[in-house]
Amino acid sequence: MHITINGKVYDAKPEQMVIEVARENGIYIPSLCYHPKIGKAGKCRVCVVEVEGIGGLQTSCTTQVSEGMKVVTNSENILEAQRMVVNLMLANGRHDCIKCEQNGDCELQDAAYYLGIENPPYQFGIIEPQIDDSAEMIQVDRSKCIECGRCVAACNNTVVNEVLEFGNRGFDTKIIFDNDLLMGESSCVQCGECVQICPVGALIDKRAIGKGRTWELDKVETVCPYCGVGCKLELHIDRKTDEIVRITGVEDSPTNEGMLCVKGRYGFDFVKSDERLTTPLIKENGKLREASWDEAITLVASKFNGIKKKFGSDAIAGLASAKVTNEENFVFQKLIRREVGTNNIDHCARL
Ligand code: SF4
Ligand code: SF4
Ligand code: SF4
């Protein structure tokens, strides 16, 4: 079907919401509670548009397209309504962008920029930081939370860890972990999905604090080195020190749709660890000594040949690894089947 946005005709699919068609075509409608992964939200009312034939403003994240629909996203009436909501959000939190870790990667900041908001006209008194630093990898600052509900939806419906909820009512409403425990004392598994989906700086990666803002970090896509699922990662790298500052999941990866486990997202300190082995080690008289690859491989081959000669090929088995590539696993099973002569080959992904 076709719909018209700001006077131009665009293709649309029947099940789409107006905001999805707009985004596909590069039309910015500010939004805060909507995220493609959690779907319809309709809470924050920042994404309002005008639809011909329907009175009042409609939230574009919950308005389904229909043939011939005519939508306006940028009338003065709309911008005024959006400014009001964004101004109230800015006034109701501690939004000191200059020192915020989310600076440059914040959807509230983007909305304020688009709407030309420089100094919010309201102020609800001085708002102090409300930091929960109890968890290993994630810092919570409720003074920056805009109560959009994305983290709650993601924790319950996307990663299904069922830790986050909204607690209390009215001005006291806040996100809570389990029965209002500290994050570090709750059943949170530190998967970081809530951090990734939070549109502002209310949930942040602790290890990345003070290590660079988004525009100072190079982004490199790669595949997680841990298990065989093969989640796609984006490494955020400090180009001066060549160190990984943080890792996020790639949202358009069909494998993981942006989700990661605690290892993939936070287990990267091994990369530059001094404890990494750089040469093979051979144990002699109970002590390990460094060896060359030639020496180590010759020793291992002679031991395998000795076992094969004495007990037969089936006395040997190979266990392949999810941490290496398919090609390496292919070569390994060839080695075990053809050179060693046994079908005793398995893979750690099935442990
Ligand atoms: S959360 Fe966003 S709007 Fe608030 S201080 Fe941080 S960058 Fe600024
Ligand atoms: S880190 Fe994962 S489990 Fe913990 S609250 Fe966030 S989404 Fe839920
Ligand atoms: S912590 Fe972030 S995602 Fe969760 S409700 Fe607050 S602003 Fe939204």
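Above this text you will find the structure in question.
A. Spotlight on the overall build of the chain. What the chain contains, in helices and strands, is 8 helices and 17 strands. Computed over C-alpha atoms, the radius of gyration of the chain comes to 27 Å, more than 25% over the 20 Å expected from 2.2 N^0.38 for 351 residues, which places it beyond the range of a compact globule. When its C-alpha atoms are laid out on the principal axes, the chain stretches across 85 × 50 × 40 Å. For the chain, buried positions account for 40% of its 351 residues. Accessible surface, the chain: about 20200 Å² in total, of which carbon and sulfur atoms supply 52%.

B. Representation of the site of ligand 2 in the model. Taken together, Ile 138, Cys 155, Asn 161, Val 163, Leu 164, Phe 177, Cys 188, Val 189, Gln 190, Cys 191, Gly 192 and Cys 194 form the complete shell of residues around ligand 2. In terms of residue class, the shell around ligand 2 is made up of 9 nonpolar, 3 polar and no charged.

C. How the structure looks around the pattern of salt bridges. As enumerated under the stated definition, the model contains 20 salt bridges in all. A salt bridge links Lys 37 to Glu 251; its shortest N-O distance comes to 3.1 Å. Here Glu 251 lies in the loop between β13 (243–249) and α6 (262–266) and Lys 37 lies in the loop between α1 (18–24) and β3 (48–51), a separation of 214 residues in the sequence. Since its relative accessible area comes to 21%, Lys 37 is described here as partly exposed. Linking Arg 289 and Glu 295 is a salt bridge whose minimum nitrogen-to-oxygen distance equals 2.5 Å. Arg 289 gets classed as partly exposed once you look at its relative accessible area, which sits at 27%. Because the salt bridges share partners, they merge into one network encompassing Lys 37, Glu 193, Glu 251 and Arg 265.

D. Representation of the side chain of Lys 144 within the structure. Its place among the elements puts Lys 144 in the loop between β7 (138–141) and α4 (150–158). Overall, Lys 144 belongs to the buried group, its relative accessible area being 8%. In terms of polar contacts, Lys 144 uses its side chain to reach the side chain of Asp 96, at 2.6 Å. When residues no more than four places from it in sequence are discounted, the contact partners of Lys 144 are Arg 94, His 95, Asp 96, Cys 100, Val 200, Gly 201 and Ala 202.

E. Geometry of the sheet that holds β13. The strand order β11-β12-β13 describes an open sheet built from 3 strands, whose pairing is antiparallel. At either end of the open sheet lies a strand with only one pairing partner, and these are β11 (217–223) and β13. Taken over all neighbouring pairs, the strand axes of this sheet differ in orientation by 30° on average, direction set aside. Looking at chain direction, strand β12 (residues 232–238) and β13 are connected through 6 bridges and run antiparallel. In the sheet register, Ile 237 faces β13, and the bridge partner there is Ile 244.

F. Up close: the site of ligand 3. Lining the immediate surroundings of ligand 3 are 13 residues, of which Cys 145, Cys 148, Gly 149, Cys 151 and Cys 198 lie closest. Residue composition of the shell around ligand 3, grouped by class: 10 nonpolar, 1 polar and 2 charged.

G. Up close: a nonpolar patch on the surface. A surface patch of nonpolar side chains, about 350 Å² in accessible area, is lined by Met 84, Leu 88, Tyr 122 and Phe 124. We classify Tyr 122 as partly exposed; its relative accessible area is 30%.

H. Representation of the layout of surface pockets within the structure. The calculated volume of the largest pocket comes to roughly 770 Å³. Here the residues of the lining of the largest pocket are counted per class, giving 16 nonpolar, 10 polar and 12 charged. Space inside the second largest pocket adds up to approximately 480 Å³. What lines the second largest pocket is a set of 18 residues, among which Asn 92, Cys 145, Glu 147, Phe 171 and Thr 173 lie closest to the centre. For the lining of the second largest pocket, the elements supplying multiple residues, two or more each, are α2 (76–91) and β9 (174–177). Its residues assigned to classes, the lining of the second largest pocket shows 8 nonpolar, 6 polar and 4 charged.

I. Quick peek at the packing of aromatic side chains. The full count for this structure, using the stated rule, is 2 aromatic pairs. On the numbers, 6.1 Å between centres and 85° between planes, the contact of Tyr 226 with Phe 270 is edge-to-face. Taken together, the residues Tyr 226 in the loop between β11 and β12 and Phe 270 in the loop between α6 and β14 (281–284) connect sequence positions 44 residues apart. Geometry around Phe 268 places Arg 207 over its ring, the cationic atom sitting 5.7 Å from the centre.

J. Representation of the pairing of β9. As paired elements, strand β8 (residues 164–167) and β9 share 4 bridges and run antiparallel to each other. The residue of β9 that forms the bridge with Gly 167 is Lys 174.

K. How the structure looks around the environment of Ile 19. Note that Ile 19 resides in helix α1. On the basis of relative accessibility, which here comes to 0%, the residue Ile 19 falls in the buried class. Between the C-alpha atom of Ile 19 and that of Val 49, which follows or precedes it by 30 residues, the distance is 9.3 Å.

So, how was this worked out
- Residues numbered from 1 in each chain as written.
- Chains lettered and ligands numbered in written order.
- Predicted model: local features only at pLDDT ≥ 70, side-chain atom pairs only at ≥ 80, totals over all residues.
- Heavy atoms only, no water.
- Helix = DSSP H or I, 4+ residues; strand = E, 2+ residues; numbered from the N terminus.
- Rg over C-alpha atoms; globule rule 2.2 N^0.38 Å.
- Buried < 20%, exposed > 50% of the residue type's maximum accessible area, 1.4 Å probe, protein only.
- Areas by Shrake-Rupley, 256 points an atom, 1.4 Å probe, with all protein chains shown as cover.
- Near = heavy atom within 4 Å.
- Nonpolar A, V, L, I, M, F, W, Y, C, P; charged D, E, K, R; others polar.
- Salt bridge = Lys/Arg side-chain N within 4 Å of Asp/Glu carboxyl O.
- Polar contact = N/O pair within 3.5 Å; in protein donor to acceptor, adjacent residues only side chain to side chain.
- Contact = heavy atoms within 4.5 Å.
- Pairing = 2+ DSSP bridges.
- Axes fitted to C-alpha atoms, helices over the stretch in contact; angles between N-to-C directions.
- Patch = residues over 30% accessible without salt bridge, like charges linked within 9 Å, V, L, I, M, F, W, Y side chains within 5 Å.
- 1 Å grid on protein atoms, 1.4 Å probe; cavity = no way out; pocket = protein on both sides within 12 Å on 5 of 7 lines; lining within 4 Å.
- Points joined across faces, edges and corners; volume = space filled by probe spheres on them.
- Phe/Tyr/Trp six-rings, centres within 6.5 Å; stacked < 30°, edge-to-face > 60°.
- Lys NZ or Arg CZ within 6 Å of the ring centre and 35° of its normal.

Remember that the coordinates give geometry; whether it matters functionally is a separate question.
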